[in-house]
Amino acid sequence: MKKFLLLMLCLMMAAAVLPAAAAVQEITYALANEPDGIDPGITNNSFASPILNNVFEGLVTYSTEDGSLIPGEAEDWTISDDGTVYTFTLREGLKWSDGSDHTAKDYVYAMQRILDPNTGARYVDFLLGYVAGAAEYYEDNSIGFDTVGVKALDDRTLEMTLIAPAPYWLDILTMWTFSPVQEATVAANGDRWTASADAYVTNGPFKMSEINLGESFVLVKNPYYYDAEEVNLEKVTFRFIPDLGTSLMAYENGNIDGMSNIPSADMPRLKAEDAGVVMTPSYGTVWYDFNCAKAPFDNVLVRKAFSMAVDRTAIIEDVVQTEADPAFSFMAPGYVIDGEDLMDTASDNDISDEADIEGAQAALAEAGYPNGEGFPEITLSYYSNETVGKVVEALARQLQDALNISIKISNADWAVYYDEHVAGNYDIGAMGWSGDYVHPMTFLQIFTTGDANNNVFYSNAEYDALVKQAANMTDAEEAFEVMREAEAIAAAEYPVLPLYYKANTMLMHDNIDGYFVTPSNALLLKTAYVED
Amino acid sequence: MRQHTKKRKGEERFMAKFLLKRMAMMLLTLFMITLLTFILMHAVPGGPFTGEKQVSKAVMDALNEKYKLNDPLWKQFFDYVGGLLRFDLGPSFKYQGKTVNDFIENGLPYSAKLGSITLVFVLIASIPMGIVSALKNGKWQDMLLMALATVGVTIPSFVVATALIYVFSFKLGWTPVYGVDTWQGYILPVIAMGGYSVSFLARLMRSSLLDVMGQDYIRTARAKGISETRVIVKHALRNALIPVVTVLGPTVANLLTGSFVIEKIFAIPGMGGYFVNSVTQRDYTTIMGMTVFYAAFLIAMVFIVDLFYCLIDPRIKYD
């Protein structure tokens, strides 16, 4: 005890003598889930986002000031008049995190690697659907990569040729899938190049310093990053704390600086205490899929009745206990051209914040089920998740009371649920969508006939034609109007029961600033810093 | 003299035969567990590549090809067993670039260290508790200890763990909230994880000792005028320990291979998490690897316990 007191005394004296030091530029951020991988070419797992978006950078990226699309490793680019050939000029003197030179050839290598089926790239569809020759090469690698529209004209010039014009191609290029990968380390380490910090060569603002399986990823500033002067943080520790109760206590105790998920029950208290709740707009919608291929939901009036009978305000405020805007369409707001959001003029599709029970009953009667008579018992299914479970209970109660029908609830873990869902073995099921990139096409695409993610089996030839038309238009403003039209057609036919627009929520202490959360929920730490 | 050697030789042969027989049984058990797990795992709907979003058919085909899921099931099984014989548990289907061996090599040290400390804590706490309760049968010491033990058995570990963190880490700040980076980090997980075993073993020890104390040979020993301490230590305890040793085998296996709940709550990167998560993720190789590893460990522990019996109780013979 005496020794302890002595030590304390020494420390206090030292603290009194030393001048107040500048804040240490290190942060610890808790993540609830471990990503399934950190290979930018392979994974499509959202849990990888905090790591990949800070250690890799592609041709274009998002500004950490306002989230706008800005040049990344490409300092400049030109687009051919027909909108299909993109020529990027890379910055001078780009280097990998191991100090070696990094050229346009690395981009070619990364794309070639993704198009090798043995790589197992989950997001390969973004190449197959857009890049000239990519699908043919993926089908049969023996035809040679020269046939694919990705070429390094010289060390600093990269040319990408598309199948057809896609004005949102630059938005797609912000995805980590399009980050370059160093051939030397992949050749030397194979699949294991992501397993150790030394082999994990990157090109972003940060580089990997430690990989502790199941425990943490430790990032440090990458001195070879072209914009290293702007990077303030010396060290970022992403610590996996799977239990939100534990991470919340660690956060409130000041052991960690921020955390990615907030337990919904604590949300009101944390906001009241001003404890650092950060809410940013998200490009995503929470909705319930209607199985449009199966009775009774093959009838648009039934879908309308269900969509109108839900009290969204009650679900948002009392059940989810969050702050979110009720959704009247599958498409989330967030895509803005010349200060105008695509959703500004969108119809409410007769849906209101609170339930319109009379309207819903009328729609159901018109569908041939007056007062719910003759309506078959339907199943409302969801994947095992606490919040979703609560929402489902509330939703089922609201629908039963409003429409005088009977609803069965069923749940299963995600792997089973999703497989059954995709196979079409459901009536209504919990689902939603978060944009892969900030462009309406990420939403519009999934309701086109035959799309891999069209799990509602919605099909409308007019809609398909408009989406296809918009996808290939070079003029962004013209495309804007066509996409607006497409949205209006599909939303008015209720392929899904829209519930609310997602918001990204996280906790971060006030002394951390300069970071940015994109609508696709990427936490960008490039310019983040710890205040003195 | 000659007769004595003969008897020893006979015993050795008997022992060797017993060991061989047990080894064969253990391998057969392990094989059956491997086979059953494989069959059950493939019978459950859902596959390892079900992600947050649907990938196209071309990608799914490429993935199934890459991980050899297109092979007939019997071939997949024998390929797997072939790998097992080389101690190669295969690549994880879920975590790219990771093998199941990685999970065990990284996780086992954390789980085993926490488990070993917990085991020591369990033994030091439970056996004296049981002895005191038995000797003070019906008195207030007994009542108090058994009340505690009942609480320990009935309150689930996640409640204990959360309550402990709340009080000692969050309110008092004596121990870290998560992780085992310092020795203080072990205190709460050890208590939360060992609570059940302490209570269970203490009750077992108590009833076993009470049972033994009523036996004829204890009465005989007392009648001979041996001191009470000697009666308890020399004659009663040794016999009373047998049921405790029996359950100790599985307990050791459980503690050393990690607890899903405790590791989750304290954010300890042990093996426990992979055990449970691999099932929900349909990570086939990880499910297999973790099950086989745990089964092998458990079987080995039960075997060791069997060997211990004869040391404690000469009445037990191998057959």
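Residues numbered from 1 in each chain as written. Chains lettered and ligands numbered in written order. Predicted model: local features only at pLDDT ≥ 70, side-chain atom pairs only at ≥ 80, totals over all residues.

**What about helix α7 (residues 184–213) of chain B?**
Residue and element names in this part refer to chain B. This is how it is decided: Strands are runs of DSSP state E lasting at least two residues, helices are runs of H or I lasting at least four, and both sets are numbered from the N terminus onward. Here the expected span of a helix is defined as 1.5 Å times the quantity of residues minus one. We define the bend at any residue as the angle between the axes fitted to the seven residues before and including it, ending there, and the seven starting there. Once C-beta atoms are placed from the backbone, each residue is buried if 20 or more other C-beta atoms lie within 10 Å of its own, exposed if 12 or fewer, and partly exposed for counts between those two.
With 30 residues, α7 should cover 44 Å at 1.5 Å per step; its first-to-last C-alpha distance of 40 Å lies within 8% of that length. Remark: the principal bend of α7, roughly 45°, maps to Gly194. Within α7, 21 of the 30 residues are buried, which leaves it mostly tucked inside the rest of the structure.

**Some thoughts on the pairing of strand β8 (residues 206–212) of chain A**
All names here are of chain A. Put simply, the rule is: Two strands form a pair only when DSSP identifies at least two bridges running between them.
Note: β8 against strand β9 (residues 216–221), 6 bridges, orientation antiparallel. Bridge pairing in β9 places Asn212 opposite Ser216. Taking the residues between adjacent antiparallel strands as the criterion, β8 and β9 are bridged by 3 residues, where Gly214 takes a positive phi near 75°.

**Remarks on the environment of Asn54(A)**
Residue and element names in this part refer to chain A. Here is the rule: By the convention adopted here, residues are in contact when the distance between their C-beta atoms, placed from the backbone, does not exceed 7 Å.
Positionally, Asn54 belongs in helix α2 (residues 49–55). Exposure remark for Asn54: the 27 C-beta atoms within 10 Å place this residue in the buried category. The sequence separation of Asn54 and Thr448 amounts to 394 residues, and the corresponding C-alpha distance is 33 Å. The residues touching Asn54, leaving out its near neighbours within four places in the chain, are Gly204, Pro205, Phe206, Leu219, Leu524 and Leu525.

**Looking at the sheet that holds strand β7 (residues 157–161) of chain A**
Residue and element names in this part refer to chain A. Put simply, the test is: To get an axis, a line is fitted to the C-alpha atoms, and for a helix only the part in contact is used. The angle between two axes follows their N-to-C directions and goes from 0 to 180 degrees.
Spatial strand order, β4-β5-β7-β6: 4 strands in an open sheet with antiparallel pairing. With partners counted over all chains shown, the strands left at the sheet margins are β4 (74–79) and β6 (150–154), one partner each. If you compare each strand with its neighbour and ignore which way they point, the axes differ by 20° on average. Relative to β7, β6 is paired through 4 bridges, and the arrangement is antiparallel. Of the residues in β7, the one forming a bridge with Val150 is Met160. Set on the sheet, helix α3 (residues 104–114) makes contact with β5 (85–90), β6 and β7; between it and β6 the angle comes to about 165°.

**Quick word on the sheet that holds strand β12 (residues 277–290) of chain A**
Residues and elements named next belong to chain A. What the 10 strands build is an open sheet, ordered β8-β9-β10-β1-β11-β18-β12-β17-β15-β16; its pairing is mixed. Two strands in the sheet have a free side with no partner beyond their single neighbour: β8 and β16 (407–412). For strand β15 (residues 378–383) and β16, the ladder comprises 6 bridges, and the chain directions are parallel. Counterpart to Thr379 in the pairing with β16 is Lys408. Contacts from helix α14 (residues 414–422) reach β15, β16 and β17 (428–434), with the element oriented near 135° to β15.

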